[in-house]
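# Understanding the architecture of this molecule
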Amino acid sequence: MGPQAGPVLRRRTVALILGGLLTGLLLGFMDVTIVATAGPTIISDLGGLSLYAWVFSSFVIVQTIVIPIFGKLSDLYGRKRFFLMGLVVFMIGSTLSGASQNIYQLIVFRAVQGIGFGAFVPATIAIAGDLFPPEKRGRVQGLLFSVNGIAFAVAPAAGSYLTETINWRWIFYINLPLGVIAFLMIYLTLRESRNAGASAFSDWVGASALGGFLALFMMGLFLGGSTFDWVSWEEAALFAGSGAVLLTFVAVERRAREPVLPLRLFRKRTVSAATAVNILRAMVLFGLIAYIPLYAQAVLGGSVSDVRNVVYAFALPTTLGILLGGLSLSRMGYRNTVLVGAGILVGGLVALQSINSSSSLIRLMELSVPIGVGSGLMIPATIVAFQNSVQRNEIGVASALAAFTLNLGGAIGVASLGAIQANRFSAQLSSLLVGIPPNGRVVLSDPNLVGQILASPAALARLLAANPSLAAFIPPLREAFSQSILILFLVLLGASVPVFVAGLLIKGKDKRPSTPQAS
């Protein structure tokens, strides 16, 4: 399936198709940040604080499971139908999420949103790959993923405004008009021609095995350190089970006639190298997104506005890097673009090691800029490397692999860094508690609670009002918390070096001729 060929699609038609794709992506990317902004209000209304993390986890886990499956289905049955179906499912999930009466309903309906998001994101990337020849795909993919930076900039303000002036439920209802616009733009403009040689999907066992592996693996990551101890039989069972199902998946895919994720793709050096770059880069990017704002607030004492500015200092350069990466591909090729981005990322992380508890917020923001630019440069390069390494009838699988590896790397990064930070801070907190008065020792014995108190000026003020004797212990607590995060920046530096090494294995450019579908 592909965009219907005339000799050349009209410029206006292409613009409308791109507008629909951009609107759909903005819808999905905004949803993550806007929900986080309204989170405290949602919990105060619905309750269920212990299950709060699953409002986000259910969305991420489900979309990660379905992305590769829908990518394959779009190769067989067409991108348009899965883009439209995904939007409809996402809007249904948004409507139900806004109408949730308890935290359990919200978690389930967020999973429904995840199914929709997992359907239309790979379809979006694949439509853009179909619509343009290889030499123009970089610019288009850069344009599409720059929406992520726009979402970072707009969503917090939109979320706080809707929550404070109307109701938190409107952070979900606002998806409906945007979704309808994206639906109509694609429905009325995109025409697909059927691939007569395509066969029906038959790899149901492989799809089930892939879904089972990802479900067990992602649950192990999200439950570790919170619901279960990392060193526990429950975690061992989840990861051992995911490993066993993965082996089953590999065995099934080697014999499948139309595999949901063709393993032969990984025999191509560029695909394997781009996979490694995507996973490692996502580990670094999402790890920094999680812990740089926390460091600004809990260690440097920043306000909510300060934290927002730190996020902007990271997100806006990332958007700039995505746009520059897309524009540079036609001249530099995938390999050089990835290497330049990885080099800037490594340099930025080396500079980040100079941060300490006496640093200023301005300094933290300055160091966030090159890290964001370097990470952003690599995003369109890896997506186009995936797409240009496969035949046209496998662009859906390649696009899904690009989106899927980003999700997987982000989940691995945040979970592993969380385990390191928690263990490091717990060890330091234990030694500090020896010198704290007994009444304060009870309050500060929970590392998670201490982190929340340090990150909230209001909570810290209440603690000191009730226990004035603890004032002298706050600076060493901040320093201990600082050290537990600074070690993460060193770990991320270590993870960024293999990104550069993997980039060396990517081939520079795809030299195969192509037939342009759009002017």
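Right, let's walk through the structure included here. (Residues numbered from 1 in each chain as written. Predicted model: local features only at pLDDT ≥ 70, side-chain atom pairs only at ≥ 80, totals over all residues. Heavy atoms only, no water.)

### Brief notes about the overall build of the chain
Convention followed: Going along the chain from the N terminus, every DSSP run of H or I of four or more residues is numbered as a helix, and every run of E of two or more is numbered as a strand. Both definitions apply: the radius of gyration is a C-alpha atom measure, and the globule rule equals 2.2 Å times residues to the power 0.38. For the exposure calls, accessible area comes from a 1.4 Å probe over protein chains only, and a residue counts as buried if that area is under 20% of its type's maximum, exposed if over 50%, partly exposed in between. The protein chains shown are the only cover counted for residues, whose accessible areas, like all others here, come from Shrake-Rupley with a 1.4 Å probe. Note on charges: Lys and Arg go in the positive column, Asp and Glu in the negative column, and His and the chain ends are not counted at all. To locate a charge, take atom NZ for lysine, CZ for arginine, CG for aspartate or CD for glutamate.
When helices and strands are tallied, the chain shows 17 helices and two strands. Here the chain has a C-alpha radius of gyration of 23 Å; the compact-globule value for 519 residues is 24 Å, and the two agree. Structurally, the chain occupies a C-alpha span of about 80 × 50 × 45 Å along its principal axes. Counting over 519 residues, the chain shows a buried share of 55%. A total accessible area of about 20900 Å² is found for the chain, and carbon and sulfur atoms account for 66% of it. With 35 positive and 19 negative side-chain charges, the chain shows a separation of 12 Å between the mean positions of the two kinds.

### With respect to a positive patch on the surface
What counts is decided by this rule: Candidate patch residues must exceed 30% relative accessible area and have no salt bridge, after which like charges are joined if within 9 Å and Val, Leu, Ile, Met, Phe, Trp or Tyr side chains if within 5 Å. Counted as salt bridges are all cases of a side-chain nitrogen of Lys or Arg within 4 Å of a carboxyl oxygen of Asp or Glu.
Positive charge collects at one region of the surface, where R11, K136, R139 and R331 lie side by side. Relative to the elements of secondary structure, K136 occurs in helix α5 (residues 134–165).

### Overview of the packing of aromatic side chains
For any two aromatic rings, the description comes down to two numbers: the centre-to-centre distance and the angle of the planes. Filter applied, for reference: Pairing of aromatic rings covers Phe, Tyr and the six-membered ring of Trp, with a centre-to-centre limit of 6.5 Å; geometry is then stacked below 30 degrees between planes, edge-to-face above 60, and tilted otherwise.
If you walk through the whole model with that rule in mind, you get 14 aromatic pairs. The interplanar angle of 25 degrees and the centroid separation of 5.8 Å between the aromatic rings of F213 and F217 together place this pair among those described as stacked. Here the residue F213 and the residue F217 both occupy positions in helix α8 (residues 204–223), the gap between them amounting to four residues, near one helical turn. Since its relative accessible area comes to 12%, F213 is described here as buried.

### Quick notes on the pattern of salt bridges
Scanning the model with the defined rule gives one salt bridge in all. A salt bridge links R363 to E366; the nearest nitrogen and oxygen atoms lie 3.7 Å apart. Remark: E366 and R363 occur in helix α12 (residues 361–388); sequence separation between them is three residues, near one turn of the helix. What makes R363 partly exposed here is its relative accessible area of 35%.

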